[in-house]
There are 2 protein chains.
Amino acid sequence: MGKQVTEMLKGTLEGIVLAILAIRPAYGYEITARLRDQGFSDIAEGTIYALLVRIERRGLVDVEKIPSEKGPPRKVYSLNAQGREYLEEFWRTWSFLAERLEQLREGGN
Amino acid sequence: MGKQVTEMLKGTLEGIVLAILAIRPAYGYEITARLRDQGFSDIAEGTIYALLVRIERRGLVDVEKIPSEKGPPRKVYSLNAQGREYLEEFWRTWSFLAERLEQLREGGN
DNA sequence: CTCAGCTATTCAGTGTTGCTAGATACCAGT
DNA sequence: ACTGGTATCTAGCAACACTGAATAGCTGAG
């Protein structure tokens, strides 16, 4: 997609990844692949890894290193209590924004 | 609001302002005030002015300088054809993102 | 055995964006 | 003169996603 998506992802991509981790633990490569499947066709791998480092540093996830049979060891991330809390706040923020935009969309046409 | 909103606004604030201008022409101070009324309680004025400069430079709006009775002259911005096109693309992008997030929200709980 | 190709992670450098914190300017009322 | 509301602009900052690469383990083709 275009530059528009890129800019819109700022701030939401983090929530998206947390939401994915809320379903079940996952590692970077897997998350990227799942995102691509879901239509985010050109999210850069580097972006995801950087994001994972960030949320780990903030204590939103727990990490476990697990050997892979197909390559180097995987770093499996799982959402912890703090992460779940943060995710809920993310949803509230998102709802707020989505409501405002829906209003604008209707009012503006 | 918090840092979360700030990051989420990146990329969407532009669309929001364009959507406001789609309803009717407006100037910076007015746009800021309207946003505050609509719940974006702490969007910085400087942000809006910078954004307006940007979308003008990209040719999405037309500008007209109109004297004010209450202060310095106003720069009234109105959406032109190119801006309307861009706004439509913004809505498409937004819809894409909103759908994905709605899916995640349901699936993830 | 070597090389391509998939898996898996990391990192330095870049551009865009919104915020901070001011400065500037016009006008009315005290 | 001074305060306060109106109105715009700017330089410097922080956060984020992207680019483009490097590194590393494993498998199968040649």
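Please read these numbers as outputs of a predicted model, since none were measured by experiment.

## What about the protein's contact with DNA strand D?
Piece 1. By nearness alone, 30 residues border DNA strand D, and Thr47 and Arg54 of chain A together with Tyr29, Arg74 and Lys75 of chain B come closest of all.
Piece 2. Here DNA strand D approaches the protein such that, of its atoms within 4 Å, sugar and phosphate make up 75%.
Piece 3. At a separation of 3.3 Å, a base oxygen of DNA strand D approaches a polar side-chain atom of Lys10 of chain A.
Piece 4. Counting residues per element, the ones that place at least two in the surface near DNA strand D are helix H1 (3-9), helix H2 (12-23) and helix H4 (45-57) of chain A together with helix H3 (28-37), helix H4 (45-57) and strand S3 (74-79) of chain B.
Piece 5. Residues belonging to the surface near DNA strand D are distributed by class as follows: ten nonpolar, seven polar and 13 charged.

## Comments concerning the relation of the copies chain A and chain B
Piece 1. Of the transformation placing chain A onto chain B, the axial shift is 0.0 Å and the rotation is 180 degrees, giving an RMSD of 0.1 Å. What the rotation and shift describe, once combined, is the action of a two-fold rotation axis. Scanning chain A for the C-alpha nearest the rotation axis identifies Lys10 of chain A, at a separation of 3.1 Å.
Piece 2. Both copies share a contact surface, since 100% of the interface residues of chain A are interface residues in chain B too.

## Some thoughts on the protein's contact with DNA strand C
Piece 1. Taken together, 27 residues surround DNA strand C, and among them Lys10, Tyr49 and Arg74 of chain A together with Thr47 and Arg54 of chain B come closest.
Piece 2. Taking Arg54 of chain B, its side chain carries an N or O atom lying 2.5 Å from a phosphate oxygen of DNA strand C.
Piece 3. Elements represented by at least two residues in the surface near DNA strand C include exactly helix H3 (28-37), H4 and strand S3 (74-79) of chain A together with helix H1 (3-9), helix H2 (12-23) and H4 of chain B.
Piece 4. Split into classes, the residues belonging to the surface near DNA strand C amount to ten nonpolar, seven polar and ten charged.

## Overview of the interface of chain A and chain B
Piece 1. Every contact between the two is made by 35 residues of chain A and, on the other side, 35 residues of chain B.
Piece 2. A combined buried area of about 3500 Å² lies between chain A and chain B, and 72% of that area is made up of carbon and sulfur atoms.
Piece 3. Viewed at the interface, chain B and chain A are joined by zero salt bridges.
Piece 4. Counting the contacts that link chain A with chain B gives eight residue pairs in polar contact (both at pLDDT 80 or more).
Piece 5. The element contributing the most residues to the side of chain A that touches chain B is helix H5 (residues 81-107) of chain A, with 16 residues.

## Concerning H3 of chain A
Residues and elements named next belong to chain A.
Piece 1. Every buried residue belonging to H3 is among Gly28, Ile31, Thr32, Arg34 and Leu35, and all of these are buried. On an axial view of H3, the arc spanned by its buried residues comes to 165 degrees, and they lie on one face. Facing away from the buried side of H3 by over 90 degrees, the exposed positions are Tyr29 and Asp37.
Piece 2. Where H3 is buried, its residues contact H2, strand S1 (26-27), H4 and S3.
Piece 3. Just beyond H3, the residue with positive phi is Gly39, at close to 110 degrees.

## Side note on the packing of H2 of chain B against H3 of chain B
Residue and element names in this part refer to chain B.
Piece 1. Interaxial distance between H2 and H3 falls to 11 Å at its minimum, and their mutual angle equals 105 degrees. When the axes of H2 and H3 are compared, the pair comes out roughly perpendicular. Between H2 and H3, the residues in contact are Leu13, Ile16, Val17, Ile20 and Leu21 and Ile31, Arg34 and Leu35, respectively.
Piece 2. Considering only residue class, the contact of H2 with H3 consists of seven nonpolar, no polar and one charged.

Analysis parameters
Residues numbered from 1 in each chain as written. Chains lettered and ligands numbered in written order. Predicted model: local features only at pLDDT ≥ 70, side-chain atom pairs only at ≥ 80, totals over all residues. Heavy atoms only, no water. Near = heavy atom within 4 Å. Polar contact = N/O pair within 3.5 Å; in protein donor to acceptor, adjacent residues only side chain to side chain. Helix = DSSP H or I, 4+ residues; strand = E, 2+ residues; numbered from the N terminus. Nonpolar A, V, L, I, M, F, W, Y, C, P; charged D, E, K, R; others polar. Least-squares fit on C-alpha atoms with pLDDT ≥ 70 in both. Contact = heavy atoms within 4.5 Å. Buried area = accessible area lost by both parts, 1.4 Å probe. Salt bridge = Lys/Arg side-chain N within 4 Å of Asp/Glu carboxyl O. Buried < 20%, exposed > 50% of the residue type's maximum accessible area, 1.4 Å probe, protein only. Arc of directions from axis to C-beta. Axes fitted to C-alpha atoms, helices over the stretch in contact; angles between N-to-C directions. Parallel < 35°, antiparallel > 145°, perpendicular 65-115°, else oblique.

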